[in-house]
Amino acid sequence: MEPKATRLRRGEGQRGEQEDRPSGEGSTEKDRGLDLVQWTRHMEVVKTQLLEHARGQLTELLDRAMWEAVRSYPPQGGPLPSTPPDSLSKGREPSPGKRKIFIIRKSLLDELMEVQHFRTIYHMFIAGLCVFIISTLAIDLIDEGRLMLEFDLLIFSFGQLPLALMTWVPMFLSTLLVPYQVLRLGARPRAGGAWVLRAGLGCVLLVAHTVGLCALPVLVALKYQLPPASRCILVFEQVRLLMKSYSFLREAVPGTLCARVGEGMQAPSFSSYLYFLFCPTLIYRKTYPRTPNVRWNYVAKNFAQALGCVLYACFILSRLCVPVFANMSREPFSTRALVLSIMHATLPGIFMLLLIFFAFLHCWLNAFAEMLRFGDRMFYRDWWNSTSFSNYYRTWNVVVHDWLYSYVYQDGLWLLGGRARGAAMLAVFLVSAVVHEYIFCFVLGFFYPVMLILFLVIGGLMNFMMHDRHTGPAWNVLMWTMLFLGQGIQVSLYCQEWYARRHCPLPQTTFWGLVTPRSWSCHT
């Protein structure tokens, strides 16, 4: 067969000869037919090329989504895959273990809010806030003869807020400067003994940074007796900055140490590290997928919703918790009173859980993600559909789960040889439970290991008993029942201890007096 180019040239020559000769209407129609056939063949080739390109792009996208799903829901008892599919690793350096994959995607609630039926549930919560406001106004009108909204609890909780913000400044500056400078010291050429001195200096700086970041908020909170909300800001920032510092060094240092002796490695840019300190993720990457622009109305809406959740929580505490627990320590202890208080606290407890989830994991993180054009908004998954506690722990807070999975579970498997999955999982529960208990202890100002027991003991047992093999509506109902009871226990016991420590102060400060629950013996 003749090549296509030869046929095209022959066709053009024939058309040129026909143009030189007088031709009739029939020859003109024939030339147009030949041109149409050639154009059709060309378009078929273009269509085939476009389909192949689109198929390749779609295959890579689906492989990425499938890998993310497999990573999120590992098979029970089966081996975990160590590298992404081939289509994801083409043209990229292979990395040991599974790495967090960032892609542009919206938060799940933003997608659900596009459905009218789900928006109605959101409207019901807003109506509940309106009912609280109306009830507060009605009670004030009946009891005091005036219409006035009092925010005593809110003002008390956020007392000394400027001091908390001033304490945050050196915490942030230390995190901004020390880890990055330590990495730059290690990124210089490793020839000679100067590198050992720089490494030693870097270790000293990191120890000083960690000690300062751990001690400064505690000293300020104890010396100035900060109220709960101001303490909450400090402790959350303390934990966040420590986790971000570790992630930055954990991701960047191995590349520096693997550089050949006598050569230096270029450290990540300071702008990428600064961006990481503010973006809503705890896993460091040099770059992240970015959205094209900032929707400032979306930012304002999320901040307004977060503020509304804070007001909602204050109304719930002042109307459903304070009247019940304020004078409970003045009455004789009884099992009946304890059980009734726990049952009474289940409703405000589950409301507080939902408000914390919506205010922080959705509104606050999405607002910062939008301002920074951070593309991956999967801060949580559909934890409310969980039929097992293992799935609930993975989907409730994806931001923290990714950090624990990457740096505690995976690194634990690497240190233990890859076979001690139970020990690595226990380490995750232990670290998470201890940090949760520390946060509660810091915010409330006393040690009462309710969260530690519920999270580590009961939560650990439920994680192994209610695993992913259990599906169906009954298991989802059981999970929600356990959440209701768990929140009721926390709200009841912590509120009792809060008021007991105010009604029955210690005549003399001792170690056992600080760690022994006061609500067990305070009955004035």
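Position numbers for residues count from 1 along each chain, tracking the sequence in the order it is written. In keeping with the predicted nature of the model, local features appear solely for residues at pLDDT of at least 70, side-chain atom pairs appear and are counted solely at 80 or more, and the whole-chain, interface and lining totals rest on all residues. By convention in this description, side-chain values take in all heavy atoms of the structure and omit both hydrogens and water.

Per an unreviewed UniProt entry, the protein carries the name O-acyltransferase and comes from Vulpes vulpes. UniProt positions are given in the numbering used here, feature names are shortened, and annotations may be inferred rather than shown by experiment. Turning to the protein, the UniProt record has this under Sequence similarities (unreviewed entry): "Belongs to the membrane-bound acyltransferase family. Sterol o-acyltransferase subfamily." The record held by UniProt for the protein lists under Subcellular location (unreviewed entry) the comment "Endoplasmic reticulum membrane".

Caption draft 1: Inspection of the packing of aromatic side chains at higher detail. The aromatic pairing rule takes the rings of Phe, Tyr and Trp, using the six-membered ring of Trp, and pairs them if the centres are within 6.5 Å, calling planes under 30 degrees apart stacked, those over 60 edge-to-face and the rest tilted. Per the stated rule, a full pass over the model turns up 43 aromatic pairs. For the pair F236 and F360, a centre-to-centre distance of 6.4 Å together with 15° between the ring planes defines the contact as stacked. Linking F236 in helix α9 (residues 228–257) with F360 in helix α12 (residues 335–371), this pair joins segments that are 124 residues apart in sequence. On the basis of an interplanar angle of 75° and a centroid distance of 6.1 Å, the ring pair of F389 and Y392 is categorised as edge-to-face. Of the two residues, F389 and Y392 are both situated in helix α13 (residues 389–396); the distance of three residues between them amounts to about one turn of the helix. There is no split in this pair, since F389 and Y392 are both buried. Clustering of aromatic rings is evident, with ring pairs tying together F357, Y380, W383, W384, F389, Y392, Y393, W396, F429, F455, W480 and F484. Whether a charge lies above a ring is judged from NZ of Lys or CZ of Arg, which has to be within 6 Å of the ring centre and within 35 degrees of the ring normal. A cation over a ring is seen here: K100 above F102, with NZ or CZ 5.5 Å from the ring centre. The cationic tip of R502 hangs over the ring face of W498; the distance from NZ or CZ to the ring centre is 3.5 Å. For the purposes of this entry, the term helix denotes a DSSP run of H or I that reaches at least four residues, the term strand denotes a run of E that reaches at least two, and both are numbered from the N terminus. Exposed residues in this analysis have more than 50% of their type's maximum accessible area, buried residues have under 20%, and partly exposed residues fall in between, with area computed by a 1.4 Å probe over protein chains only.

Caption draft 2: How the structure looks around the confidence of the model for the protein. Per-residue confidence from the predictor is reported as pLDDT, which spans 0 to 100. In the predicted model, the protein carries a mean pLDDT of 80, and the fraction of residues at 70 or more is 79%. Per-residue pLDDT, averaged within each element of the protein, yields its smallest value for helix α3 (residues 86–89) (34) and its largest for helix α10 (residues 270–278) (93). We call two residues in contact when some of their heavy atoms are within 4.5 Å. A low-confidence stretch, residues 1–25 (pLDDT under 50), is modelled with nine contacts involving residues beyond four sequence positions or located in other chains. Low pLDDT (under 50) marks residues 70–96, which in the prediction has 44 contacts with non-local residues, meaning those over four places away or in another chain.

Caption draft 3: A look at the packing of helix α14 (residues 398–416) against helix α15 (residues 421–444). To get an axis, a line is fitted to the C-alpha atoms, and for a helix only the part in contact is used. The angle between two axes follows their N-to-C directions and goes from 0 to 180 degrees. Contact pair α14 / α15: the axes reach a minimum separation of 9 Å and the direction vectors enclose 145°. As for the relative orientation of α14 and α15, their crossing is right-handed in sense. Contact residues: L404, V408, Y409, L413 and L416 in α14; R421, A423, A424, M425, A427, V428, V431 and S432 in α15. For the contact of α14 with α15, a count of residues per class yields eleven nonpolar, one polar and one charged. Left-handed describes a crossing whose near helix is turned anticlockwise from the far helix through less than a right angle; right-handed describes the clockwise counterpart. Three classes are used: nonpolar for Ala, Val, Leu, Ile, Met, Phe, Trp, Tyr, Cys and Pro, charged for Asp, Glu, Lys and Arg, and polar for all others, with Gly counted as polar.

Caption draft 4: The UniProt feature "active site" (unreviewed entry) in the protein, seen in detail. The UniProt record marks H436 with the feature "active site" (unreviewed entry), using the residue numbering of this structure. With respect to the helices and strands, H436 occurs in helix α15. Residue classification places H436 among the partly exposed positions, given a relative accessible area of 29%.

Caption draft 5: Broad picture of the UniProt feature "transmembrane region" (unreviewed entry) in the protein. Those residues carrying the UniProt feature "transmembrane region" (unreviewed entry) are residues 121–142, 162–183, 195–220, 303–326, 338–361, 412–431, 438–462 and 474–495 in this numbering. The straight-line gap between the two end C-alpha atoms of residues 162–183 is 33 Å; of that span, 100% is helix and 0% is strand.

Caption draft 6: Layout of the state of the cysteines. What counts as a disulfide here is a pair of cysteine sulfur atoms lying within 2.5 Å. For the structure shown, the criterion picks out zero disulfides. There is no disulfide at C309, and the cysteine sulfur nearest it, in C363, is 5.4 Å away.

Caption draft 7: How the structure looks around the environment of P332. Structurally, the position occupied by P332 is in the loop between α11 (296–325) and α12. For P332, a relative accessible area of 69% gives the class exposed.

Caption draft 8: Spotlight on the nonpolar core. Judged by nonpolar contacts, the single largest core of 73 residues is most densely connected at F248, Y288, F357, F374, W383, Y392 and W403. Residues belong to one nonpolar core when they are buried, are Ala, Val, Leu, Ile, Met, Phe, Trp, Tyr or Cys, and are joined through side-chain atoms within 4.5 Å. By size, the runner-up hydrophobic cluster in this structure holds 19 residues, among which are C321, L454, L493 and Y499.

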